[in-house]
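Each chain is listed here by its residues.
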Amino acid sequence: MTNSENKKFMHVDMDAFFASVEERDRPDLKGKPVVIGAGIRGVVSSANYLARKYGIHSAMPVSQARRLAPNAIFISPNHEKYSEVSDRVMEIFDSISPLVEQISVDEAFIDISGAGKLLGTAQEIGQLIRKKVFEQEKITCSVGIAPNKFIAKLASTSCKPNGLREISLDGILDFLHPLPVGAMWGVGEKTEQELHSLGLRTIGDIAHLSEKTLIRALGNAAGKHLYQLSWGKDDRAIEYGEVEKSISAAETFAYDLDQEELILREFLKLTARCAHRMRAKNYAANTVSIKVRFADFRTISKAKSSDLPLSTNAQIYEVVKKLYQSLNLDRARIRLVSVSLEKLVDSDNLPQQLTLGQREKGWNEATAAMDLVEDKFGGGSIRPASLLKKGPRKDREL
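Every chain begins its residue count from 1, and numbering advances along the sequence as written. Per-residue local features are limited, in this predicted model, to residues with pLDDT of at least 70; the limit for side-chain atom pairs, both in listing and counting, is 80 or more; totals at the level of whole chains, interfaces and linings are taken over all residues. Excluded from the side-chain calculations are hydrogens and water; all other atoms, namely the structure's heavy atoms, are used.

A.B. asks: If you had to explain the sheet that holds strand 1 (residues 9-14) to someone new, which residues and values would you point to?
C.D. replies: At least two bridges found by DSSP between two strands is the condition for calling them paired. For helices the rule is a DSSP run of H or I covering at least 4 residues; for strands it is a run of E covering at least 2, with both sets numbered from the N terminus onward. The strand order across the open sheet built from 5 strands is 5-6-1-7-8, with neighbouring strands paired in mixed fashion. The sheet is open, and its two borders are formed by strand 5 (100-104) and strand 8 (164-166), each paired with just one other strand. Neighbour to neighbour, the strand axes of the sheet diverge by 15° on average, direction disregarded. Sheet strands in contact with helix 4 (residues 79-96) are strand 1, strand 5 and strand 6 (107-111), and its direction is about 155° off that of strand 5. Angles run from 0 to 180 degrees between N-to-C directions of axes, and those axes are lines fitted to C-alpha atoms, restricted for helices to the stretch in contact. What makes two residues a contact is simply this: any of their non-hydrogen atoms within 4.5 Å.

This is the structure in structure tokens:
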């Protein structure tokens, strides 16, 4: 085994995160199946464990989820709220160890190898994290502990919800080999089918197949990768200190749109939502991209990078609008649009690009004032006059 015996990795995963936050804020939801996702053409973002008993899962169309559980409570997602909770949870992790790798809004890896002298055993540290998260946020999480990241992730999955499990170095193969091949990193539906066609049902089956045979079946990279994992070998270290790569928001419409005015209004809303979240994290964007999905599900994307990072709604929307108009869609029927702010950088002490007649300072001051209002009174409490008109109904999709 490559990892030394004193190496300890922890994977912490919130339990049904979005649904748990809604249940926390709405006591009337307790004991009921809850699905985060709404509208005619929306998708499920999260479902609590009662709803999952009906076969509901993330990325499932809401229409299908309603057929499976017509009595479930369906709620439109509030991603700004979930992001705020996530930030506070990650602060708890940072208080345990400086080596934290956030891999999504609701899960992270933590290297606790050097935390034992101060905080106790790995299981004591895991219980401390679970206690802090529940006391502060009133939601639960599951914790997996192991000598490497791969096994730690599987351990947290195996003890959900609201559990803790440690896999020791000498217990890895007993834990790992009975698991189905679909539990492995890098095994999607297609690869799982290929493995099944070879008669490989468990990770142990893969481990006891020759590496050369696996490479012939799956290719060099995939074959070597899965063979190493099947023996519990994972040398990856914690990747920490990275700036968030992008911030995005999307809207799926309840009916297709083909009028530029209405579509641009939706782009303006998405721009405001993304830009507010970005500034709250003290970032600015070097690249702005948009995505347009048509009624036939054909999807196109377009992006533009700026000479200097952008931070205000006005700057970003100007780019978004030009990107959309450059597509020359001519009343094409559109079902979804999205905005993404990418190549994010720290916004402190950024140079300001001033051009003749541009009131950059005024926009910056106005934007800061708008952020203060939204932070105090909630998203959408202040908006451009053009958004006061009634727009199309839509389902929020992430």
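Anyway, onward from the coordinates.
A.B. asks: Tell me about the pairing of strand 7 (residues 141-146), residues and numbers included.
C.D. replies: Whether a residue is buried, partly exposed or exposed follows from its accessible area with a 1.4 Å probe, protein chains only, as a fraction of its type maximum: under 20%, in between, or over 50%, in that order. In terms of burial, strand 7 is a largely internal element, 6 of the 6 residues being buried. Burial of the side chains of strand 7 extends over both faces: C141, V143 and I145 are buried on one face and S142, G144 and A146 on the other. Direction of pairing for strand 1 relative to strand 7: antiparallel, over a ladder of 6 bridges. Within strand 7, the position partnered with F9 by the bridge is A146. Considered for its hand, the β-α-β crossover made up of strand 7, helix 7 (residues 149-158) and strand 8 is left-handed. With strands facing away from the observer, any crossover in which the path from the first strand over the helix to the second runs clockwise is taken as right-handed.

A.B. asks: Account for helix 1 (residues 17-25), naming residues and giving values.
C.D. replies: When you tally the buried positions in helix 1, you get 7 out of 9 residues, the bulk of the element. Taken residue by residue, helix 1 has F17, F18, A19, S20, V21, E22 and E23 as its buried positions. The inward-facing, buried residues of helix 1 abut strand 1, strand 2 (34-36), strand 3 (46-47), strand 4 (73-75) and helix 4.

A.B. asks: Mind laying out the environment of S305, listing which residues take part and the relevant values?
C.D. replies: Residue position: S305 is located in strand 11 (residues 299-310). In sequence terms S305 and E342 are 37 residues apart; their C-alpha atoms lie 9.0 Å from each other. Apart from residues no more than four positions distant in its own chain, S305 is found in contact with N286, T287 and K343. Within polar-contact distance, the side chain of S305 engages the side chain of T287 at 2.8 Å. Counting of polar contacts relies on pairs of N or O atoms within 3.5 Å, with two restrictions inside protein: one atom must be capable of donating a hydrogen and the other of accepting it, and residues adjacent in sequence are counted only when both atoms are side-chain atoms.

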